[in-house]
Amino acid sequence: MAQRRILVVEDEAMLAMLLSDRLTSEGFMVETAGDGNTGLSMAATGNWDLVILDVMLPGIDGFRVCESLRSRGVTTPVLMLTARGEVRDRVAGLKIGADDYLPKPFDVSELLARIEALMRRHAPVSHDTAAFGPVLVDRIQKTVMRAGTPVDLSFKEFQMLCYLLDRPETPVSREELLQRVWGYQHTPNTRTVDVHMAQLRSKLEDNPKEPRYLVTAHGFGYKFAQPKSSDA
């Protein structure tokens, strides 16, 4: 199982260090950001299983960070931390797309329980087989059929296809695909994702220039569009 990655956006250096050390000891891969602008940049372009986001941050606050992430199509779970305990602040955070809200001070054991609950709730659903249009994907056998005819996909093409299938209607950035499918820690300037997508479309779409399933999320990356009832 791949190591789960958490981004902690917290300007209190001691708390950020405490959280990083404890989460690392629990088996997570952790990175930190100390202000809102850096946190937004890292959260929007990185491949995270969870973002722990303080509300009161230098630069832009946590509310604006969360709102901006959601407006960009980033669906990573967000757990907000704040010294504010008022109901109106919790409601404000949830309304702009936060998934959970934990007032300071908090017990680390409660934080860990909430992290696990959020990750279970947002874990991608994976099935042995998937079908769209005339295409049938078998994850166990690692085969793809189109209208009953085997389709020859490279290993990376197959991995990228399955990654998108597991996240229907969710825009996935090129950076996320490079990290999750190709294993890059830092995303290079490359057209690898675009080239592989063009190859997938040529093999699986009726009209690769006007794809119905493997569609472009403009300015971001790609997504798998759920078939309409008439397409099934």
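Residues numbered from 1 in each chain as written. Predicted model: local features only at pLDDT ≥ 70, side-chain atom pairs only at ≥ 80, totals over all residues. Heavy atoms only, no water.

K.L.:
Looking at this structure, I do not really get the overall build of the protein chain. What am I missing?
P.N.:
Helix and strand counts for the protein chain come out as eight helices and twelve strands. In terms of overall dimensions, the protein chain has C-alpha extents of about 60 × 35 × 30 Å along its principal axes. Here the analysis covers contacts within the protein chain between residues at least 6 apart in sequence; of these, 56% occur between residues at least 24 apart. Separation between the mean location of the 28 positive side-chain charges and that of the 31 negative ones in the protein chain comes to 4 Å. (Helix = DSSP H or I, 4+ residues; strand = E, 2+ residues; numbered from the N terminus. Contact = heavy atoms within 4.5 Å. Lys, Arg positive; Asp, Glu negative; His and termini not counted. Charge placed at Lys NZ, Arg CZ, Asp CG, Glu CD.)

K.L.:
Please explain helix H8 (residues 192-204) as it appears in this structure.
P.N.:
Side chains three or four residues apart in an α-helix point the same way, a direct result of the helix having 3.6 residues per turn. Across its 13 residues, H8 extends 18 Å between first and last C-alpha, which sits within 8% of the 18 Å expected from 1.5 Å per residue. Listed in full, the buried residues belonging to H8 are Thr192, Val193, Asp194, His196, Met197, Leu200, Arg201 and Leu204. (Expected span 1.5 Å × (residues − 1). Buried < 20%, exposed > 50% of the residue type's maximum accessible area, 1.4 Å probe, protein only.)

K.L.:
Would you explain the environment of Val9 in this entry?
P.N.:
Tracing the backbone shows Val9 in strand S1 (residues 5-9). Judged by relative accessible area, Val9 falls into the buried class, the value being 1%. Separated by 30 residues in the primary sequence, Val9 and Gly39 place their C-alpha atoms 5.6 Å from one another. If we skip the residues at most four places from it in the chain, Val9 touches Ala33, Asp35, Gly39, Val51, Ile52, Leu53, Asp54 and Leu57.

K.L.:
Quick question: what am I supposed to make of the nonpolar core here?
P.N.:
Nonpolar side chains in soluble globular proteins generally cluster together in the buried interior. Of all hydrophobic cores here, the largest spans 27 residues; its most connected members are Phe132, Val137, Val144, Leu161 and Leu204. Going through the elements one at a time, strand S6 (129-132), strand S7 (135-138), helix H6 (155-165), helix H7 (174-180), H8 and strand S12 (221-224) are the ones with two or more residues in this core. Looking at this core, the element that brings in the most residues is H6, giving seven residues. Once residues within four sequence positions are removed from consideration, Val144 is found in contact with Val135, Leu136, Val137, Thr149, Pro150, Val151, Leu153, Phe158, Leu161 and Leu204. Within the second largest apolar cluster, 24 residues are counted, among which are Val9, Ala33, Val55 and Phe220. (Core = buried A, V, L, I, M, F, W, Y, C linked by side-chain atoms within 4.5 Å.)

K.L.:
Would you mind showing me how to read the packing of aromatic side chains here?
P.N.:
What the rule picks out here adds up to two aromatic pairs. Judged by centre distance (5.2 Å) and plane angle (65°), the rings of Phe132 and Phe224 are edge-to-face. Of this pair, Phe132 sits in strand S6 while Phe224 is found in strand S12, placing the two residues 92 residues apart along the sequence. Across the pair, Phe224 and Phe132 agree in class, each one buried. (Phe/Tyr/Trp six-rings, centres within 6.5 Å; stacked < 30°, edge-to-face > 60°.)

K.L.:
Before we go on, may I ask you to explain the pattern of salt bridges in this structure?
P.N.:
If the charged atoms of two oppositely charged side chains come close together, the side chains can form a pair. Applying the stated criterion across every chain, the model contains 16 salt bridges. Asp54 is the partner of Lys104 in a salt bridge, and the nearest nitrogen-oxygen pair spans 3.3 Å. Of this pair, Lys104 sits in the loop between strand S5 (100-103) and helix H5 (108-122) while Asp54 sits in strand S3 (residues 50-54), and the two are 50 residues apart along the sequence. On the accessibility criterion, Lys104 (16% relative accessible area) is buried. Looking at Asp54, the relative accessible area reads 2%, which means it is buried. (Salt bridge = Lys/Arg side-chain N within 4 Å of Asp/Glu carboxyl O.)

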